[in-house]
Structure formats: structure tokens, C-alpha cells
Amino acid sequence: MYDTDTNTPSYAANTAINEDLGQVEYNVTDQTWTLTENRMIFHRCCINEKFYENEVGNAINDAELLNAVATYDLEIVRFVTVMAICNTVIPLKSNSGAIIYKAQSQDEEAALVNIVACLHMVLINIDGNFLEVTLNGSIIQYELLDTLAFPSDRKRMSVVVKDCQNGKILLLSKGADETILPCTSSGPQIRVFVEVVD
């Protein structure tokens, strides 16, 4: 198999393919009995009640979003940080030095990491429990303390990380809107450990 548009041969990009093979029950095709192409396009996002998208429906090229990342807007940086490190993606360097992302869910997780890489938040290395990202060229390091997987009943994934620059411990979550939105509220959300546990 070969993609003539991108001049690339096919390769297995899913690290969980062996587990998935035994679970295939149906092969869905279109009316011509051919498999369909799955392209993920980052049409728009909503951050702090503001929508970002450009006139052709591609948020990666939204000038206001790119400017917010370049100027280190706190809410935007939090958004791209969650997308960059709340996942199971493993960055690998090719012989040419380019970073290739491998993931259990190539369509979703690696696509999101590639999207934020276009927004200048690049996951560059994982060494044991330490993650390295670059934001506008500056290296930021996190220590991965725990990962809460994405089961179908929970409908979200979370990671607990320690920001190596300031020592703060962060809980970062992503998931389905109907699961994440009830967990959010406006205003400061700083509570002491005892309040959270109780």
C-alpha cells in the first residue's frame, strides 16, 4: 500500500495492534466495498469561552490562536499542555531528526500531539517518568507521577505530573464533553490536599 498524495508507504503506527486484532468483529466499508479514509482536521477549539478557527475551518492556522501561544497566554498554554502530555504517545526521532509519534490510539492521541506541535508545543522526549516538551523553543520538563487510563465508563484520561520548573503538582484531564464539563467550574480552584481527599 502506498499513498501517492504524500509519497509515503504504509506502516503500522498503532502500538496496540496485537490486542486489537482479536477484537475485530465487523469491517465497515462504504457502498463500493472499499475502506474509507480517516482524516482528522482540527476545525476549531473553545478555550475560556472563546472559539478559535480560521475562515477555512482549520484552527491550526488561526492567527489569534497562534499569537496567544507565541505570547504565552496562560489559558492557551494550559490547553496545549494538556493535549501534548495527557496521552500515551511516545515520541521517536527518525534518522532525519524529525519526531514521529507512536500511540495506542494513533488517530486520536497522535493526531492531537501533532496538532499542538503545529501550535509550537512539541512533545520531544520521554525518559522514564520524565516528559520534555518545547513551547516556542523553550524546554519544559514534567515528571509523570501517575496515569489514569481512558476506560469507556470513565470517558476521560488523566495524568498527574510535577512541573520540574516550579515543583507544582498538576492533574491534567481530557475526555468527552459530557464527562469533563460537570467536573469544571469557574473561579479559582485551589484547594488544600485535605479538602480534596475529604
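For the structure itself, consult the block above.
If you're wondering where the values come from, they're calculated on a predicted model, not measured in any experiment. (Residues numbered from 1 in each chain as written. Predicted model: local features only at pLDDT ≥ 70, side-chain atom pairs only at ≥ 80, totals over all residues. Heavy atoms only, no water.)

Engineer: Where do I start with the pattern of salt bridges in this structure?
Structural biologist: Any two side chains of opposite charge can pair, on the condition that their charged atoms come close. Taken as a whole and assessed by the stated rule, the structure comprises four salt bridges. Among the ionic pairs, Glu 53 bridges to Arg 44, the shortest N-O distance being 4.0 Å. Put simply, Lys 155 and Glu 178 hold a salt bridge, and the shortest N to O gap is 3.7 Å. Pair noted here: Lys 155 is in the loop between strand E9 (138-148) and strand E10 (156-163) and Glu 178 is in helix H5 (residues 177-180), with a separation of 23 residues, a long-range link. A relative accessible area of 54% places Glu 178 in the exposed class. (Salt bridge = Lys/Arg side-chain N within 4 Å of Asp/Glu carboxyl O. Helix = DSSP H or I, 4+ residues; strand = E, 2+ residues; numbered from the N terminus. Buried < 20%, exposed > 50% of the residue type's maximum accessible area, 1.4 Å probe, protein only.)

Engineer: Explain the state of the cysteines here, please?
Structural biologist: Where two cysteines share a covalent bond between their sulfur atoms, that bond is called a disulfide. What the rule picks out here adds up to zero disulfides. A disulfide-free cysteine, Cys 46 has its sulfur positioned 7.7 Å from the sulfur of Cys 45, the nearest such atom. Cys 46 gets classed as partly exposed once you look at its relative accessible area, which sits at 40%. (Disulfide = S-S within 2.5 Å.)

Engineer: It is not clear to me how the environment of Tyr 101 should be interpreted in this structure. Could you clarify?
Structural biologist: When you line up the elements, Tyr 101 lands in strand E6 (residues 99-102). Note on Tyr 101: relative accessible area 5%, which makes it buried. Among the polar contacts listed, one links the side chain of Tyr 101 to the backbone oxygen of Leu 123, at a separation of 2.9 Å. (Polar contact = N/O pair within 3.5 Å; in protein donor to acceptor, adjacent residues only side chain to side chain.)

Engineer: Would you explain the sheet that holds strand E7 (residues 121-127) in this entry?
Structural biologist: Spatially, E7-E8-E9-E10-E11 is the arrangement adopted by the five strands of the open sheet, whose pairing is antiparallel. Edge positions in the sheet fall to E7 and strand E11 (169-175), since each of these pairs with one other strand and no more. Going across the sheet, the axis of each strand differs from the next one's by a mean of 35°, ignoring polarity. Bridge count for strand E8 (residues 130-135) against E9 is six bridges, and the pairing is antiparallel. For Phe 130, the partnering residue across the bridge sits in E9 and is Glu 143. (Pairing = 2+ DSSP bridges. Axes fitted to C-alpha atoms, helices over the stretch in contact; angles between N-to-C directions.)

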